[in-house]
Structure formats: structure tokens, C-alpha cells
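Next come the chains, spelled out residue by residue.
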Amino acid sequence: MSLLVVGLSHRSAPVSVLERAALPADAQVKLLQDTVAAEPAAEAAVLATCNRIELYADVDKFHAGVAELSTLLARHSGVGLEELTPYLYVHYEDRAVHHLFSVACGLDSMVIGEGQILGQIKDALATSQEVHSAGRLLNDLFQQALRVGKRAHSETGIDRAGQSLVTFGLEQFAAGASVDAWARGKRALVIGAGSMSSLAAATLARAGVAEVVVANRTFDRAERLAELLGEQYGQRPDGQDGTDVLARAVPMDAVAGELTRADVVVSCTGATGLVLTAESVAAALEGRTVPAPAGAGGGLRATGGSVRTTATPGVRDDLPPTSVGTEDNCPLDLSAVQATAGFSVLGEAAVAGMAAAELEQHAAWVDKGASATASEGQTGLTVVLDPAAEAEAIAALAAAAATVGRVPERRRPEPVAEAPRPAPVLSLLDLAMPRDIDAAAHRLPGVRLVDIESLADASATVSDQRTPSAGAMAADVDQVRRIVADEVAAFGAALRAAHITPTVVALRTMAADVVAGEIARLDGRLPGLDDKQRGEITQTVRRVVDKLLHAPTVRVKQLAAEPGGAGYADALRTLFDLDQETVDAVSRADDRADDWADGRDSGDGRVDNGRSGNGRVDGGRVGRTDSTFDGTAFGAHTFDSDNFESAENRGRA
């Protein structure tokens, strides 16, 4: 069996495709069940975040595995296979391990170094364990990925550029200023109470907002999050330092009312449809009364210290009037020309239907007028031509006009500036996939919407910039890449060594059976041996067999751990004529022992990961404490599995 991953992410697919392919929790469970039921796969795990969907599986055939996993992804995402295929990527064996370790370290994130991906990997492992789709390979792989990510964050400054996607999104609103300065004193509405929403609420509270309102479909979860925010960031007794944040919970049906008071909204729910439509945002803005922002203008009208949003016309009111009847010395009679708004009378509307000779005179007059205009410093409005030098061009223009009945516009259109947008009074941050907030809300005056798509564009722009911190960040990234390379090599070696272990155990079992048979024959030939003599002979024979097998078995484990060493297990079975069923029986016994040690067989058909009452997962398998907001909590969990030590502990880094 071999590790295979098929997926798509913000690096391979546009956000519009990711949004359509997003998998809700129940669809992820069904995908896992269908994957392990398929012929090529024995284990499966799904890693689904706001910017990636990846299906991991332990398969026995590469091509069949790719075809089956791609088909299953398309079927459960609702995106056709032909449409989805161009955006899929495939990683196999060591490259699949390298990919997951890089993801865990934040190297493949939209915001390089963000740590919340570790919480999402824990959730993916939890789901696969609960539906019994993760076996030894994927359990070990995801556990090791968590350790590698933790090591990268603790040993490098990979997360110095930004803690999370939430921080990066808020930075877009701050427009170069610090998030703390931008957020101070604002009222925030957080929709959702999951890990991303909790992170957003905590980030806003730390930044100094005056109020955080949490709305969620399950009111108890919203209330619990608000209580924790109050405990950690609310007013402190006895004059202790605190951010003095007011936190409260509201049901989802109160969101419309809260929108009329909020300055910033962060939404990240698991809803499959829109949570906030453009109409609901517009309704909240209608008659909205908020403190007047400094420098507000355009679509904001002051009303006694407050402002109301009003429609902003899309046409400038300072454009020059039409020039009909104001052009001097024009050889044509323009009095009958009906001018149209925003159209030059020197264009085709002025000369339509004129005779060819008149058109030639008109063209020459336009050229002279252009020269005069340019001499007055108004370049850019007309094209400067010399009638003598351009006689052929003018004649050709006249001939063309006589044929088609009109001439093209010869004067460049006057530039029309876009109507300035008013300063935003409502900032919307949509971190959900699929989106929670209607994209049309961005067109509303006074609204600024930042979503996953705009964050992807901003992330690409930041990556291309050369900033003073870019050098330090590049050094951190290089260091993390070296950590990943070391850990991939160590994991691969351990995996290959583990692959040959059942064969070595089967060989030693066979040798023990041979020793037992020969001792039984000796008892038949020498029935007069007493127990002491028989014991000495038995021990001697066993020592001989052990010494003969010791060097080759140790050496074959070393060779098998090297790249390309998978064939040594087959060679060992062939040389000693080992029964494949015996080797498989050893593997099954090891798997049952691992399941028992992990406490997975709880007797009720569910995965028992040792969950304790405080929401923490004993043994560090998965989960997070209720009081964790940042989605990482690196120090809050202890990973007990000793199947694969870190490369650092083995002295490899």
C-alpha cells in the first residue's frame, strides 16, 4: 500500500471553483466512507479548509487510485469531473508526505506561516478516526505532521509576517495602518462560533474594539464564546490592565438589527448558502446612524453629528458642457447638429451625411484646431496632424466616409473620472468557503468587502513585493523547508523499516518453530535426558539460531529504511520461503494492538480518543480546549505517539 493525495487549493484553482467544490461536514464523512469502500483504498482522510480540499488515501494501485479519488471528489463536490480535473494536483508516496508536512508548517497557506492549519489538520484526523477510515499509516502521518508544524513554529520565525488569515484580512481594511489603530473603539459583529470565528473574535478583542457581538445558529455556542471573551478581554477588577471589551451573544435572527450598529463584520460559517445578501446589507445601511468618520464624503450626508448613507450618482457634475455652436471658423454649418450628452460634435455625429468635399474641409479644420489646441497647452484632447503631409490620409478618409456614410471619431474622448467612493462605514470580512456574504455588497456606497478571492489577490501582491522584512522571512522559509526535508526523510525511513518488520517477525517465528521441532525429535531419540540437560540443549540451539539471524535481520532493516529499499522484504520472503499469509497475520496483529493501545475500540462502534471533560483530547490526538481562540494552541496539547520521533530528537537536524 502507498500514500496518495488528490486535491485542489488556492494555488491550483480559482476561488470560484473552490467555492463550488467546498465540502460541508456531512459531505466529508460520506466521502470518507465511499473512499474506504472503493477497491484501491484501505484508509482515507479529508483535509478541507477555506482554501483547499484534499483527499488522502492508502492505495494499492497508483493509476486506479488517482482515477477513483478524482471521481469521488467530483461526485461529492458537485463539480463535474471534466471541469474539476484541470485544477487537481496529485502527490504520491514521499511527495505526498512532503506536501502534508509543508501544509502543516504553513508553507502552502495563503498567508505564509499561519498557524491555524494545525487545528484544521487535527480536525481532519478526528473526523477520519470517528468514521474508522484512518488506519496506521494516516494516523502516524497526521500525528507526525502536527509535530513537524509545531517544530517549525517553535524553532523559526515563520509566523512573524502574520498570525492568521484573519489578521491578513483586517490588514486590508487598515490600509497600511496598524490593525490596532484601525480597530480601536469600533463595534464588531462575528457570525459563527467555530475555530475561525473564535480566532476573529479574539483578534478583534486584542486589537481594542469596544464591543464584540457573536451570532451563531446554536445560541449556546455563541454564548459560551462571548463568556470566554469577556473573561479574557473584559474589564479587569482592581485596576488591572485589560482591553475592556464588551462581549455578548445574539441569535441569528438578530443579525439584521446588529448590522445597523456594527462597524466591522466577520463571517465564517458552514452554511451552504448566503448568510448576508446584498439586500440585507443595503437594508441595514438604510437610515443607519453611526458616528461620522473623519473625512467622510461622497455618499454620506451629515445629520446632526451623524451620517446617513445616500446613493451616489455615477456621473460627474463638473464635466464641460457640449461645444455645439461654440466652435469658431468651422467650415460646416453645425446649427442643425443635434448634440448628445458626453459626445464630441467634432465626431461622426457632426459629419454624418456630409459630402466628401465638405468632409475633407472639415478634417483639415479639425487638424488645424488640434494644432492650436496643442499650442495652448491642452495636449491629449486631439490628434495633431499636418494637412499637407497627411493629404493622402485625408483623401482616404473622405473616400471611406463617402462609401460608408460616416467617419470615425478623430478626437480622443475626454476622460471621465470615476465617481469617488465614500469612506467605508461598514467593513465586511468573509472567510467562509463557500462565501457567506453576497459579493454584490461591495458595490454599495459605504461598504468595503474583503473575501477569500480578494485575499488571494492581495497575498500574491505581497509575495511579489520586496520589503525590508522579506530577507528575514525568506531565511525563515528556507529553514522550515530544511526541517520539512529532514522530517520527510525520517518518516520515510521509519515507514519503510516498519514495512519489513512483519517479514522479519515471520522469519523469526519460522526459526522458533524449527527449533521446537528439532527439540521434539531429540526427545524421541534420547528419552533418557533429564530436564536440566534438555533445557541446556534447547538454549544452545536457540542461541545458535539467534546469532545466525541477528546480522542479516538487522542489516535488512537498515537497507529497507533507505530509499528504494521496499524490495528487501520481498527478497527475504523469497529466500526463506516465508508464507505471505503468515506475514499478513503479523501485520493484522500489530494493527489490532495499535487500536487497543489507542483506545479506539470503545465497544459502542465509535472512536474513543480519550476525550476528557474539558474538551481536551488525551494523548494529543485531536481537538482543542474550549478556551482556545487562535486555532493553534501549540503548548496546550502533548503528542504522546512514539511511533516516529522527530528528526531533531534523532539528531538528524
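Note that this is a predicted model, so its numbers are computed, not measured.

Even after reading the chapter, I still don't get the overall build of the protein, so can you show me in this structure?
A tally of regular secondary structure across the protein gives 21 helices and 13 strands. When the 653 residues of the protein are sorted by exposure, 44% land in the buried category. In the protein, once contacts between residues fewer than 6 apart in sequence are set aside, the share between residues at least 24 apart is 70%. As displayed, the protein has an accessible area near 32100 Å², and 52% of this comes from carbon and sulfur atoms.

Explain the side chain of D436 here, please?
Within the element layout of this structure, D436 appears in the loop between strand 12 (426–430) and strand 13 (447–450). Summary of buried charges: D436 has no salt-bridge partner, and the nearest side chain of opposite charge, R217, is 8.1 Å away. For D436, the side chain forms a polar contact with the main-chain nitrogen of T269, separated by 2.8 Å. With near-sequence residues (within four places) excluded, D436 lies in contact with S267, C268, T269, A271, G273, L274, V275, L276 and D430.

What am I meant to see in empty space enclosed by the protein here?
Empty space among the atoms can be located by rolling a probe the size of a water molecule over them. Enumeration over the complete set of coordinates arrives at six cavities of 30 Å³ or more. Space inside the largest cavity adds up to approximately 100 Å³. What lines the largest cavity is a set of 13 residues, and nearest its centre among them are C50, N51, S109, E114 and L165. In terms of residue class, the lining of the largest cavity is built from six nonpolar, five polar and two charged.

What is the right way to read the confidence of the model for the protein from this model?
When pLDDT drops low, the exact placement of atoms in the prediction is not to be read closely. Across the protein, pLDDT averages 74, with 65% of residues at or above 70. Here residues 236–240 scores under 50 on pLDDT; set against residues more than four positions off or in separate chains, the count is three contacts. Confidence drops under a pLDDT of 50 for residues 370–383, and excluding neighbours within four residues, the segment shows 16 contacts in the predicted structure.

Would you mind showing me how to read the sheet that holds strand 2 (residues 41–49) here?
In spatial order, the strands read 2-3-1-4; together these four strands make up an open sheet with antiparallel pairing. Each end of this open sheet is capped by a strand with a single partner; those strands are strand 2 and strand 4 (89–92). Across the sheet, the axes of successive neighbouring strands diverge by a mean angle of 15 degrees, strand direction being ignored. Pairing geometry for strand 2 and strand 3 (residues 52–59), over eight bridges, is antiparallel. Counterpart to A44 in the pairing with strand 3 is A57. Strand contacts of helix 7 (residues 136–155): strand 1 (2–9), strand 2 and strand 3, with the helix running at about 30 degrees to strand 2, the strand carrying the most contacts.

Just to check I follow, could you spell out the pairing of strand 12 for this structure?
Regular strands place their side chains on alternate faces of the sheet. Burial of strand 12 is extensive: five of the five residues sit out of reach of the surface. Burial along strand 12 is two-sided: the residues L426, L428 and D430 and S427 and L429 are all buried. Note: strand 8 (residues 264–267) against strand 12, four bridges, orientation parallel. Bridging across to strand 12, V264 finds its partner in S427. Note that strand 12 and strand 13 share four bridges and pair parallel. Paired with L426 across the bridge in strand 13 is V447.

Honestly, the pairing of strand 2 in this entry has me stumped. Any pointers?
Of all nine residues making up strand 2, seven are buried, and the element is well covered by its neighbours. In textbook terms, the turn of a hairpin is the stretch between consecutive antiparallel strands, and for strand 2 and strand 3 this stretch comprises two residues.

Would you explain the packing of aromatic side chains in this entry?
For any pair of aromatic rings, the description rests on two quantities: the centre-to-centre distance and the angle between the ring planes. Under the criterion given, the structure shown has four aromatic pairs. Aromatic pair Y56 and F142: ring centres 5.4 Å apart, planes at 80 degrees, arrangement edge-to-face. In this pair, Y56 sits in strand 3 while F142 sits in helix 7, placing the two residues 86 residues apart along the sequence. Assessed through its relative accessible area of 0%, Y56 is described here as buried. Their ring planes at 65 degrees and their centres at 4.7 Å tell us that F62 and Y92 sit as a pair that is edge-to-face.

What is the right way to read the pattern of salt bridges from this model?
For side chains of opposite charge, pairing can occur when their charged atoms come near one another. Taken as a whole and judged by the stated rule, the model has 20 salt bridges. The shortest N-O distance in the salt bridge between R52 and D108 comes to 2.8 Å. Of the two residues, R52 sits in strand 3 while D108 sits in the loop between helix 5 (94–104) and helix 6 (117–130), which places them 56 residues apart along the sequence. Note on R52: relative accessible area 2%, which makes it buried. A residue is classified by how much of its surface remains accessible, and D108, at 14% relative accessible area, is buried. Between E227 and R224 there is a salt bridge, and its shortest N-O distance comes to 4.0 Å. On the criterion of helical spacing, the pair formed by E227 and R224 is a turn pair, its members being three residues apart in helix 11 (residues 219–233). Assessed through its relative accessible area of 41%, E227 is described here as partly exposed. Where salt bridges share partners, they join R11, R52, E54 and D108 into one cluster.

Honestly, the sheet that holds strand 7 (residues 246–251) in this entry has me stumped. Any pointers?
Reading across the sheet, the six strands line up as 7-6-5-8-12-13 and stay open at both edges, with parallel pairing between neighbours. Lying at the two open borders of the sheet, with one neighbouring strand each, are strand 7 and strand 13. With strand direction ignored, the average angle separating the axes of adjacent strands in the sheet is 15 degrees. Note that strand 6 (residues 211–216) and strand 7 share six bridges and pair parallel. Along strand 7, the bridge assignment pairs V212 with A247.

Got a minute to help me understand helix 19 (residues 531–561) in this structure?
Counting along an α-helix, one turn takes 3.6 residues, and residues three or four places apart therefore face a common direction. Here helix 19 contains 31 residues, and its C-alpha end-to-end distance of 43 Å stays within 8% of the 45 Å for a straight helix at 1.5 Å per residue. Helix geometry: helix 19 is bent most strongly at H550, by close to 35 degrees, with proline P552 lying one to four residues after it. Where helix 19 begins, the side chain of D530 points an oxygen toward the backbone nitrogen of K532, at a separation of 3.3 Å.

Sorry if this is basic, but what is going on with the packing of helix 10 (residues 195–207) against helix 11 here?
The axes of two packed helices give the description: the angle between them and the distance between them. It is at 11 Å that the axes of helix 10 and helix 11 come closest, and there the two elements cross at 30 degrees. When the axis of helix 10 is compared with that of helix 11, the two are roughly parallel. Our pair here, helix 10 against helix 11, has a crossing hand that is right-handed. The segment helix 10 lies against helix 11, with S198, A201, A202, A205 and R206 engaging L225, L229 and Y233.

Conventions and cut-offs
- Residues numbered from 1 in each chain as written.
- Predicted model: local features only at pLDDT ≥ 70, side-chain atom pairs only at ≥ 80, totals over all residues.
- Heavy atoms only, no water.
- Helix = DSSP H or I, 4+ residues; strand = E, 2+ residues; numbered from the N terminus.
- Buried < 20%, exposed > 50% of the residue type's maximum accessible area, 1.4 Å probe, protein only.
- Contact = heavy atoms within 4.5 Å.
- Areas by Shrake-Rupley, 256 points an atom, 1.4 Å probe, with all protein chains shown as cover.
- Lys, Arg positive; Asp, Glu negative; His and termini not counted.
- Salt bridge = Lys/Arg side-chain N within 4 Å of Asp/Glu carboxyl O.
- Polar contact = N/O pair within 3.5 Å; in protein donor to acceptor, adjacent residues only side chain to side chain.
- 1 Å grid on protein atoms, 1.4 Å probe; cavity = no way out; pocket = protein on both sides within 12 Å on 5 of 7 lines; lining within 4 Å.
- Points joined across faces, edges and corners; volume = space filled by probe spheres on them.
- Nonpolar A, V, L, I, M, F, W, Y, C, P; charged D, E, K, R; others polar.
- pLDDT = per-residue confidence, 0-100.
- Pairing = 2+ DSSP bridges.
- Axes fitted to C-alpha atoms, helices over the stretch in contact; angles between N-to-C directions.
- Phe/Tyr/Trp six-rings, centres within 6.5 Å; stacked < 30°, edge-to-face > 60°.
- Expected span 1.5 Å × (residues − 1).
- Bend = angle between axes of the 7 residues up to and from the residue.
- Parallel < 35°, antiparallel > 145°, perpendicular 65-115°, else oblique.
- Left-handed = near helix turned anticlockwise from the far one by under 90°.

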